[in-house]
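Close look at the chain arrangement
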Amino acid sequence: MIRSMDPWQQIAEHIGRASGVAFHPSRPDSIGGGCINTAVRLSDGRSRWFVKLNRAALLPMFEAEAAGLEEMADTGTIRVPRPLCLGCAGDQAYLVLEYIDFGGSGDSAAAGRQLAAMHRHSAGRFGWRMDNTIGSTPQPNEWSHDWIGFWREHRLGFQLRLAARHGHGGALQRRGERLLQEFPALIDHDPVPSLIHGDLWGGNIGYDRAGNPVIYDPAVYYGDREAEIAMTELFGGPGAAFHTAYDEAWPLDPGYPVRRTLYNLYHILNHLNLFGGGYGGQALGMIDRLLAELGH
Ligand code: ADP
């Protein structure tokens, strides 16, 4: 059993208060697979909870994650772990989520249909009611009616400025600046502000024991849904059945393959800012492909 002075005791008491059922867990089991946080399972034989931990200063990151999970869960379209509570115990921030029993394989066509249904939820403008993080990078979400301006200022421009601060100057900045001026010609469709997960690579989609799709670890905002679909094609995604089902539910507009590069550039720049290394060359290659589309 957990000793009374332990920060875990504080977390267990919070879970008990928030769930309405006294909770006396045994020692936490560590769960691997996360990129940013430490993750554990807490259980007492009657109930189980998934707990993410990080430095106390990062509590706002967990607040935004919890709000994003709730925003998606409230649509009732695709399964999302429900947040229970969060706070600080000693020098640790914690976020407690419903525990999901991931079963392995599942129905990726259902994931496509359900995600399309979630994308039908609109806020009428782009952005979100709070800023959040993408990986551990800040992601500004100031409301805007202008998608192109939003993408220029809060997505590509933000990451390019961060890259400059990290010492990635030269051609990346010069050609990136040109792209910032000219990319509006590539967004030749009229996106609606869809609720999107925002960080939907293969590692953030799973299937529960019943085979239902589950999405988690979001960077939620209202944006062009094509930015979401683009990311599912970037780092190993849910596969062909997912895309067929999504397209049947809500087809993408003509010209998507070019916009896919524009939207995925954001994530590659973010990877450059998080991890450095070869992502700089990859970002430059994408910028050059987009400039070539613009006739350069
Ligand atoms: P990080 O923010 O560090 O990237 P994730 O939210 O991606 O962490 O979670 C890490 C791993 O924990 C996931 O890959 C998944 O396997 C598992 N996981 C995530 N959420 C839950 C949950 N609610 N219940 C059980 N396991 C989960």
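Before reading on, note that the structure itself is shown above.
Just so you know, these numbers come straight off a predicted model, no measurement behind them.

Describing the pattern of salt bridges
Counting across every chain of the model gives 14 salt bridges. Across the pair Asp 217 and Lys 52 runs a salt bridge, and its minimum N-O distance is 3.4 Å. Linking Asp 217 in the loop between β10 (213-215) and β11 (221-223) with Lys 52 in strand β3 (residues 48-55), this pair joins segments that are 165 residues apart in sequence. Asp 217 sits in the partly exposed class, given a relative accessible area of 26%. According to the relative accessible area criterion, Lys 52 is buried, its value standing at 8%. Across the pair Asp 74 and Arg 82 runs a salt bridge, and its minimum N-O distance is 3.1 Å.

Digging into the site of the ligand
Around the ligand, 17 residues are found, and the nearest of them are Asn 37, Lys 52, Glu 98, Ile 100 and Asp 217. One nitrogen or oxygen atom from the side chain of Asp 217 is found 2.9 Å from an oxygen atom belonging to the ligand. Within the complex, 90% of the 550 Å² of free accessible area of the ligand lies under protein. Among the detected pockets, the ligand sits in the largest pocket. Across the shell around the ligand, the residue classes break down as nine nonpolar, five polar and three charged.

Digging into the packing of aromatic side chains
What the rule picks out here adds up to 11 aromatic pairs. Look at Trp 147 and Phe 150: their rings are 5.7 Å apart centre to centre, the planes differ by 15°, and that puts the pair in the stacked class. Placement of both Trp 147 and Phe 150 in helix α4 (residues 147-165) is noted, with a separation of three residues, approximately one turn of the helix. A relative accessible area of 4% means that Trp 147 is categorised as buried. Aromatic rings pair up to connect Phe 126, Trp 147, Phe 150, Trp 151, Tyr 221, Tyr 263 and Tyr 266 into one cluster. Above the plane of the ring of Trp 250 lies Arg 120, whose end atom (NZ or CZ) is 4.0 Å from the centre. Directly above the ring of Trp 250 sits Arg 225, whose terminal nitrogen or CZ lies 3.7 Å from the centroid.

Quick word on the layout of surface pockets
Any empty space left between the atoms is revealed when a probe the size of a water molecule rolls over them. Estimates place the volume of the largest pocket at around 870 Å³. Among the elements of the structure, β2 (38-43), β3, α2 (59-73), β5 (92-98), β6 (132-134) and α8 (256-275) are those that each provide at least two residues to the lining of the largest pocket. When residues of the lining of the largest pocket are assigned to their parent elements, the largest contribution, five residues, is made by α8. Tallied by class, residues from the lining of the largest pocket come to 22 nonpolar, 13 polar and six charged. Structurally, the lining of the largest pocket is a two-domain feature, drawing no fewer than three residues from each of domain 1 (7-98) and domain 2 (108-293).

Some points on the pairing of β3
The pairing of β2 with β3 spans six bridges and is classified as antiparallel. Bridge assignment links Ala 39 to a residue of β3, and that residue is Lys 52. Between β2 and β3, which pair antiparallel in sequence order, lie four residues; one of them, Gly 45, sits at a positive phi of approximately 90°. Of the pairings in the sheet, the one linking β3 to β5 comprises seven bridges and is antiparallel in character. Across the sheet, Trp 49 pairs through a bridge with Glu 98, a residue of β5.

Conventions we followed
- Residues numbered from 1 in each chain as written.
- Predicted model: local features only at pLDDT ≥ 70, side-chain atom pairs only at ≥ 80, totals over all residues.
- Heavy atoms only, no water.
- Salt bridge = Lys/Arg side-chain N within 4 Å of Asp/Glu carboxyl O.
- Helix = DSSP H or I, 4+ residues; strand = E, 2+ residues; numbered from the N terminus.
- Buried < 20%, exposed > 50% of the residue type's maximum accessible area, 1.4 Å probe, protein only.
- Near = heavy atom within 4 Å.
- Polar contact = N/O pair within 3.5 Å; in protein donor to acceptor, adjacent residues only side chain to side chain.
- Areas by Shrake-Rupley, 256 points an atom, 1.4 Å probe, with all protein chains shown as cover.
- 1 Å grid on protein atoms, 1.4 Å probe; cavity = no way out; pocket = protein on both sides within 12 Å on 5 of 7 lines; lining within 4 Å.
- Sits in = over half its atoms within 2 Å of the grid points.
- Nonpolar A, V, L, I, M, F, W, Y, C, P; charged D, E, K, R; others polar.
- Phe/Tyr/Trp six-rings, centres within 6.5 Å; stacked < 30°, edge-to-face > 60°.
- Lys NZ or Arg CZ within 6 Å of the ring centre and 35° of its normal.
- Points joined across faces, edges and corners; volume = space filled by probe spheres on them.
- Domains from an automatic or database assignment.
- Pairing = 2+ DSSP bridges.

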